[in-house]
Amino acid sequence: NNTVFGPLTFILTGVPGLPMSNYWIAFPLSSLYLLMLLGNCTLLWTIKTDYSLHTPMYYLLSMLAMADLGLSVSTLPSMLGIFWFESTSLHFDACIVQMYFIHSFSAIESGVLVAMALDRFIAICYPLQYAYILTGSLIIKAGAVIFMRGVCVVLPVAVLIKKLPFCRSMVLSHSFCLHQDMLRLACADVRVNSVYGLTAVILTKALDSMAILLSYMMIVRAIMSTVSHESRAKAFSTCISHLCAVLVFYIPLISLSLIHRFGKHLTALTHTLMADAYLLVPPVLNPLVYSWKTKQIRRRIL
């Protein structure tokens, strides 16, 4: 008798232990979003207007900035609504849309990081052929493939969860909608959803991380075969920004996945902080990381 088919709303959660309307949280959160918007928009504007940056590496960096913007804007309305206006309810369909965009942009960002790793591999291992291999048309095609993969792989996740009945408390664990969080509230057999969700992760994040690792194994081997110490240092320095972006993206992602699957005994605050770090930290730090290594970007951002 308690089963509810097609629930109207989910209830979002702020920071456990703190009141919903908490300006000590709202102000820093708003500042992070402003910093993210300013940093990524400035990065995109700099790449567009500075013709010296019209190279494959910076085209890929602009794709990374757009993925970061999409990922952050997907969570912006619900998070600021909670902490500024105590608006905790979110319609079921809106929650599915938010979940879809969060996971899609996350998959797109992961794909862009793979493309950037391959860019560094070709630049270091085949420097003379770099301009001939990575042409503008190839970068556009790669971007289209990365975008379509993120859109298509995540779409069945949203379609499958749309068909589920929900009968438990409609309270989610975060300030936004994530697939694993919504799935635990369903009152039907969710094995198909879980299996496909795991498949989607394998087809995106798992394969991407393996491709990045393989690229850097070959990069390290090529660098170590270089006799000159100065040449080694220069080659390593071209990879630092990308390595930082990879670590900033994958460490919170892997930590959040492990916590969802094996950390049920951990406090709600731990789950919340890891989810927030997964979605907020990369878009804020990536422009700062790349501005540190690029004089033209540093001058405009910093």
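Every chain is numbered independently, its residues counted from 1 as its sequence is written. The predicted origin of the model limits local features to residues at a pLDDT of at least 70 and limits the giving and counting of side-chain atom pairs to 80 or more, whereas totals for whole chains, interfaces and linings rest on all residues. Side-chain descriptors were evaluated using all non-hydrogen atoms of the structure, hydrogens and water having been removed beforehand.

1. Re the overall build of the protein
- Helix and strand definitions here come from DSSP, where helices need a minimum of 4 consecutive H or I residues and strands a minimum of 2 consecutive E residues; each element is numbered from the N-terminal end. Counting its secondary structure elements, the protein contains eleven helices and two strands.
- When burial is assessed residue by residue, the protein has 48% of its 302 residues classed as buried.
- Working rule for contacts: check all heavy atoms of both residues, and any pair within 4.5 Å makes them a contact. Long-range pairs, those at least 24 residues apart, make up 79% of the contacts in the protein with a sequence separation of at least 6. Three labels apply to residues, based on accessible area from a 1.4 Å probe with only protein chains included: buried if under 20% of the type maximum, exposed if over 50%, partly exposed otherwise in between.

2. Concerning the packing of aromatic side chains
- The pairing test for Phe, Tyr and Trp rings, Trp by its six-membered ring, is centres within 6.5 Å, and the orientation test on the planes gives stacked under 30 degrees, edge-to-face over 60, and tilted for anything in between. Inspection of every chain in the model, using the stated rule, returns seven aromatic pairs.
- A centroid spacing of 5.6 Å and a plane angle of 65° characterise the contact between Tyr100 and Phe101, whose relative ring orientation is edge-to-face.
- Taking relative accessible area as the criterion, Tyr100 reaches 15% and is therefore assigned buried.
- Under the relative-accessibility criterion, Phe101 is labelled partly exposed at 37%.
- The rings of Phe10, Phe92 and Phe166 are connected pair by pair, giving a single aromatic cluster.

3. Here's the deal with helix H7 (residues 191–224)
- The length a helix should cover is 1.5 Å for every residue beyond the first. Counted at 1.5 Å a residue, the expected span for H7 with its 34 residues is 50 Å, and the 47 Å between its end C-alpha atoms agrees.
- When we look at burial in H7, the residues that qualify are Asn193, Gly197, Ala200, Thr204, Lys205, Asp208, Ile212, Ser215, Tyr216, Ile219 and Ile223.

These figures come from the coordinates and say nothing about function on their own.
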